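Descriptive structure summary
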Amino acid sequence: MAGTRLTIRVPADFVLARDACSYGYFLLAPNHWEADTWTFSRLLELEGGPARVAIRQPEENGASARRVTLASRRRAARGRPLRVACDRTLNASERASVRGQIARMFRLDEDEGTLRAFHKLDPRWRRSGRGRLFRSPTLFEDVIKTVTSCNVQWPSTMHMNIRLCEVVGRGGAFPSAEKLARTRASTLRGRCRVGYRDKRIIELSRMFARGEIDEAWMTDTATPDDELFGFLQTLPGIGPYASANIMQLLGRHSRLPLDTESVRHGKSVLGFTGTDAQIMKRVHKHFEPFGEHAFRSYWFEVWEFYERKAGASETWRPKEVASAFTASNLK
DNA sequence: GGTAGACCTGGACGC
DNA sequence: GCGTCCAGGTCTACC
């Protein structure tokens, strides 16, 4: 790529492959993880138009080919700066935006102290170092992706995001709130296959575009979890599950976004029995002791189950994962 | 406050 | 190839 190149410093424990491939959204368009080269790429929306960024974390001594185990590759990459290659030249403002969006996706603001506290509470993840959870470069994209994940199986979520980028996004980028707000419901339904979510997505986009969503209030640590949870549920298409999921995407991990997948987890991994409602309650209770890190404990258990089925997440390829992650295969 | 049914799509299945 | 059934979270109407 001939264009701007950036170097981004990361926390000492950060591993791109582990921390990017930590939540399902890394598999959703326009995100792309190249499993062979450990390169994360996507289009980012910038003031001068979309730009493609390819992000790598070169390993110590550049000796990736000689390192045969996942653990040794992770160790060699740990804490090393990210190298970002953009497909065009960026101005200073755009460079700052790219840095900010990358920091949001990989949660570079989460320091080692926070994760050390999590590992003290739940030592199962100390060895692997898991703790960060991938998210989108913007809150808006996280919210829309959450809506596309509701009441649908994973392959359809993947398809909806591909179509949103292809049909509505500029040049294949994830569509902006302004663009989605101006899109017809019939386009979203007919061409993006979002079904009944069409009007809800447009209304959410209008709220973001009009500045009615106060992101600063949401990210302010002084804002109580209960108030935020209540507010999120007033948004169109956002119920209890989606609210809890958006909260974890905002960095609040005390609530669990429980769905049918959680019931599956409760039954098959935790050995719970009873009705679905009873199992949901037991799953909530089970993770209560992990307090403000409850979601991390819950999620990495679920993630470990997926990895036992499909191999280490760094090696996943979207098409293969789409067919592997159907409800029938996860039972 | 709790519950039933509608909302859509894509995949699985039977014929 | 066609029709039917089912999974999935939110919303609305109703009790």
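Structure: above.
Residues numbered from 1 in each chain as written. Chains lettered and ligands numbered in written order. Predicted model: local features only at pLDDT ≥ 70, side-chain atom pairs only at ≥ 80, totals over all residues. Heavy atoms only, no water.

Things to note about the packing of helix α4 (residues 112–121) against helix α15 (residues 294–310)
- The interhelical angle for the contact between α4 and α15, taken along N-to-C directions, is 70°, at an axis separation of 10 Å. Here α4 is positioned roughly perpendicular relative to α15, judged by the angle of their axes. Taking contact as the criterion, the partners of T114, L115 and F118 in α4 are, on α15, R296, S297 and F300.
- Among the residues making up the contact of α4 with α15, the classes are represented as 3 nonpolar, 2 polar and 1 charged. (Axes fitted to C-alpha atoms, helices over the stretch in contact; angles between N-to-C directions. Helix = DSSP H or I, 4+ residues; strand = E, 2+ residues; numbered from the N terminus. Parallel < 35°, antiparallel > 145°, perpendicular 65-115°, else oblique. Contact = heavy atoms within 4.5 Å. Nonpolar A, V, L, I, M, F, W, Y, C, P; charged D, E, K, R; others polar.)

Focus: the protein's contact with DNA strand C
- What surrounds DNA strand C is a group of 17 residues, the closest being N151, G237, A242, D259 and T260.
- In DNA strand C, atoms within 4 Å of the protein come from the sugar-phosphate backbone in 64% of cases.
- At 3.0 Å, a backbone N or O of G239 approaches a phosphate oxygen of DNA strand C.
- The contact in question runs from a phosphate oxygen of DNA strand C to an N or O atom on the backbone of A242, over 2.8 Å.
- Looking at which element gives the most residues to the surface near DNA strand C, the answer is helix α12 (residues 240–249), with 3 residues.
- Of the residues belonging to the surface near DNA strand C, the class tally is 10 nonpolar, 5 polar and 2 charged. (Near = heavy atom within 4 Å. Polar contact = N/O pair within 3.5 Å; in protein donor to acceptor, adjacent residues only side chain to side chain.)

A few points about the environment of W217
- Looking at where W217 falls in the secondary structure, it is placed in helix α10 (residues 215–219).
- W217 sits 75 residues away from E292 along the chain, and the two C-alpha atoms are 19 Å apart.
- Not counting residues up to four positions away in its chain, the partners in contact with W217 are T223, E227, L228 and F231.

Side note on the packing of helix α5 (residues 139–148) against α12
- Across the interface, α5 lies against α12 with an axial gap of 10 Å and an inter-helix angle of 150°. For the element pair α5 / α12, the angle class is roughly antiparallel. Classified by chirality, the crossing of α12 by α5 is right-handed. Of the residues in α12, those touching α5 at L139, D142, V143 and T146 are A242, N245, I246 and L249.
- Looking at the contact of α5 with α12 residue by residue, the class counts come to 5 nonpolar, 2 polar and 1 charged. (Left-handed = near helix turned anticlockwise from the far one by under 90°.)

Describing the protein's contact with DNA strand B
- Around DNA strand B, the neighbouring residues are S156, H159, R189, R193, G195 and Y196.
- Restricting the count to atoms of DNA strand B within 4 Å of the protein gives a sugar and phosphate share of 95%.
- The separation between a phosphate oxygen of DNA strand B and a polar side-chain atom of R193 is 3.2 Å.
- Split into classes, the residues belonging to the surface near DNA strand B amount to 1 nonpolar, 3 polar and 2 charged.

With respect to unusual backbone geometry
- A29 connects to P30 through a cis peptide bond whose omega is 5°.
- Within the secondary structure, P30 is located in the loop between α1 (16–20) and β2 (32–34).
- Its identity as a non-glycine residue notwithstanding, R193 has a phi of 60°, on the positive side.
- If you trace the backbone, R193 turns up in the loop between α8 (185–190) and α9 (198–209).

What about the packing of aromatic side chains?
- One pass over the structure, following the stated rule, counts 22 aromatic pairs.
- Ring centres of W303 and Y306 lie 6.0 Å apart, and the angle between their planes is 70°; this geometry places the pair in the edge-to-face category. Taken together, the residues W303 and Y306, both in helix α15 and 3 residues apart, mark about one turn of the helix.
- What makes W303 buried here is its relative accessible area of 2%. (Phe/Tyr/Trp six-rings, centres within 6.5 Å; stacked < 30°, edge-to-face > 60°. Buried < 20%, exposed > 50% of the residue type's maximum accessible area, 1.4 Å probe, protein only.)

Describing the sheet that holds strand β1 (residues 5–8)
- Strand order in the open sheet made by the 5 strands is β1-β5-β4-β3-β2, with antiparallel pairing throughout. Of all the strands in the sheet, just β1 and β2 have a single pairing partner and so form its edges. For this sheet, the mean inter-axis angle between neighbouring strands, taken without regard to orientation, is 20°.
- Bridge analysis of β2 against strand β3 (residues 39–44) gives 3 bridges, and the strand direction is antiparallel. The residue of β3 that forms the bridge with H32 is S41. (Pairing = 2+ DSSP bridges.)

Side note on the pattern of salt bridges
- Under the defined criterion, the tally for this structure stands at 25 salt bridges.
- Here D19 makes a salt bridge to R132, at a shortest N to O gap of 3.5 Å. A residue pair is termed long-range when its members are at least 10 positions apart, and D19 in helix α1 and R132 in the loop between α4 and α5 qualify at 113 residues. R132 carries the same exposure label as D19, and that label is buried.
- The residue D36 makes a salt bridge to R317 at a minimum N-O spacing of 2.7 Å. In this pair, D36 sits in the loop between β2 and β3 while R317 sits in the loop between α15 and α16 (318–324), placing the two residues 281 residues apart along the sequence.
- Connected through shared salt-bridge partners, D13, R18, D19 and R132 make up one network. (Salt bridge = Lys/Arg side-chain N within 4 Å of Asp/Glu carboxyl O.)

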